[in-house]
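# Structure at a glance
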Amino acid sequence: MSENELEQILNDIKTRKPSNGRDNTGKFIDEGLNEDLDIDIDIPKAENKFNNFDTIFDNRREDTESEAVGELDLDAFSRTSNRENNDNENENDNEDKPKLDKKKKIIIICVSAIVVISLIVGIVFAVAGGKGEETTEPETTKKPTVSQKVEEKILNPLTGEAGFSKDALSTRPVAVVVENEYSTEAVRPQWALNEADIVLEGESEFSTRLLLFWADYTKVPEMVGPTRSARPPFIKFSQLFDSVFIHAGLSSSKGNYIGADAVFENYDVDHINLLNCSEEGKYFGRNNERYTAVEHTGYLNGTNLPELIQEKNISMDIDEAKFSTLNFNENAKALSDNIASSCEFVWSRTGISACPKHAKFTYNESSHKYTTTDFDSRYGEANLAFENLIFLFDETDYVVKENYKGSGNSEIYCNYRLSGGNGTILSEGTAVEITWGVSDGKLWMKTADGNDVKLNPGKSYIGYGSSNHGGYITLNPAVE
């Protein structure tokens, strides 16, 4: 082999792209060693060149942090006169050995040199972080990607709040009827109003009735109530969210009055009548801690609700075609420039059964919520708070049911047409006027410019009033 050929081999070595230096077992490797060598070697010069490796790497040892690390100065091979003389002497002492053995020796020496160079280059790149070339980390040390680091944000579909169960996204909500008979102090404070995702309050006989929604039926608290009987408007509103309807009793059809019994059947509503359960407390119980009539004592035991639903063989797979989508801002913000630090809401003022109740809410700037004392038995403590207040005005009809329960007296029911209309939404101390309606069984709400309403994350109160019997809302009413 000529000197030029040897220099060419060494030049190939120095320009070889470094690997990660290790195989799967952790041992150092060099892929170039698999190539076959067929070399015609000039033995004395080759040996002399190899003897200079120590000198070259001693000179290069200080340069491991530079991008030129591992490069060999081939000119250093020419500065070897002293070692060449020594090598020539060694060669003369061994003239009687066959040249073929010497050729094999040089091949072994060159292969060993390749291994040494590969080891050094691999170690340097491992220590220096592979400057100039990108290295591949072992599979076990790969860092997670950004998408793996960031947890998926699952939002409650009824509140827009994070931390919701991913499994619950595919399940139906539940809606529980709770009473608010305004002439009876013993029904307040109610149980679990502050834990519901949405509280709807609509007009009923004597006063108002409540419908409490939970998006995750496995999170309903232990005591919800006082639970009361079903009314058609509340059943129909619950179906805008594909809810399982839970009640304690129901109104029956008679004369020209179409009761809850007919609505359940005609609309094929999944529902649970707690009065059909034992009163021992597993699913339904009576709380007698306060003196009142028995109809004001019933409660749902929400902790066992999943078992009750399974026992009733009710499917909890949600039907997206029947579920109204509520839109939420990512972060809370003002809805408009209209200040709404307080409000007063009236369900109706005219008709044969005008609702006697007025609802009052006040905005708390520190909590960013609207509070009310309406559901406290002592009338003075704010025991309920909401991020959003939604007031919807619908057309209503009053229907008289004669000879109620055989008493000879009449009963007057308020029915909502679910026909849509105007409304007002309050949040973050501001208010916006909206229109609302129902299309294909879904609730929609839009601002004056035709865009979908965006609520702020948090719990919502829905005041469901009458547009054709004098219902109204007053923003920032004068303090009496």
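My aim in this report is to walk through the structure given alongside it, one point at a time. Note that the structure is a prediction, hence the values are computed from the model and not measured.

Moving on, we come to the overall build of the chain. Looking only at helices and strands, the chain features nine helices and 22 strands. Each of the 480 residues in the chain was classed as buried or not, and the buried ones make up 45%. In the chain, of all internal contacts separated by at least 6 residues, the share reaching a separation of at least 24 is 68%. Carbon and sulfur atoms make up 46% of the accessible area of the chain, which totals about 25300 Å².

Across all of its chains, the model carries twelve salt bridges by this definition. The partner of Asp452 in a salt bridge is Lys446, and the shortest N-O contact between them spans 2.7 Å. Here the salt bridges do not stand alone but share partners, grouping Arg172, Asp242 and Asp270 into one network.

With that out of the way, let us pick up the packing of aromatic side chains. The geometry of two aromatic rings is summed up by the distance between their centres and the angle between their planes. Evaluation of the coordinates by the stated rule reveals 16 aromatic pairs. Summarising the aromatic geometry, the rings of Tyr363 and Tyr370 are spaced 5.0 Å apart at their centres and angled 50° between planes, so their arrangement reads as tilted. A relative accessible area of 0% places Tyr370 in the buried class. Between Phe391 and Tyr461, the ring centres sit 6.2 Å apart and the planes meet at 65°, which makes this aromatic pair edge-to-face. Of this pair, Phe391 sits in strand β14 (residues 388-394) while Tyr461 is found in strand β21 (residues 460-466), placing the two residues 70 residues apart along the sequence. A residue is classified by how much of its surface remains accessible, and Tyr461, at 0% relative accessible area, is buried. Ring-pair connections join several aromatic residues into one group, and the members of that group are Phe345, Trp347, Phe361, Phe386, Phe391, Phe393 and Tyr461.

Conventions adopted
Residues numbered from 1 in each chain as written. Predicted model: local features only at pLDDT ≥ 70, side-chain atom pairs only at ≥ 80, totals over all residues. Heavy atoms only, no water. Helix = DSSP H or I, 4+ residues; strand = E, 2+ residues; numbered from the N terminus. Buried < 20%, exposed > 50% of the residue type's maximum accessible area, 1.4 Å probe, protein only. Contact = heavy atoms within 4.5 Å. Areas by Shrake-Rupley, 256 points an atom, 1.4 Å probe, with all protein chains shown as cover. Salt bridge = Lys/Arg side-chain N within 4 Å of Asp/Glu carboxyl O. Phe/Tyr/Trp six-rings, centres within 6.5 Å; stacked < 30°, edge-to-face > 60°.

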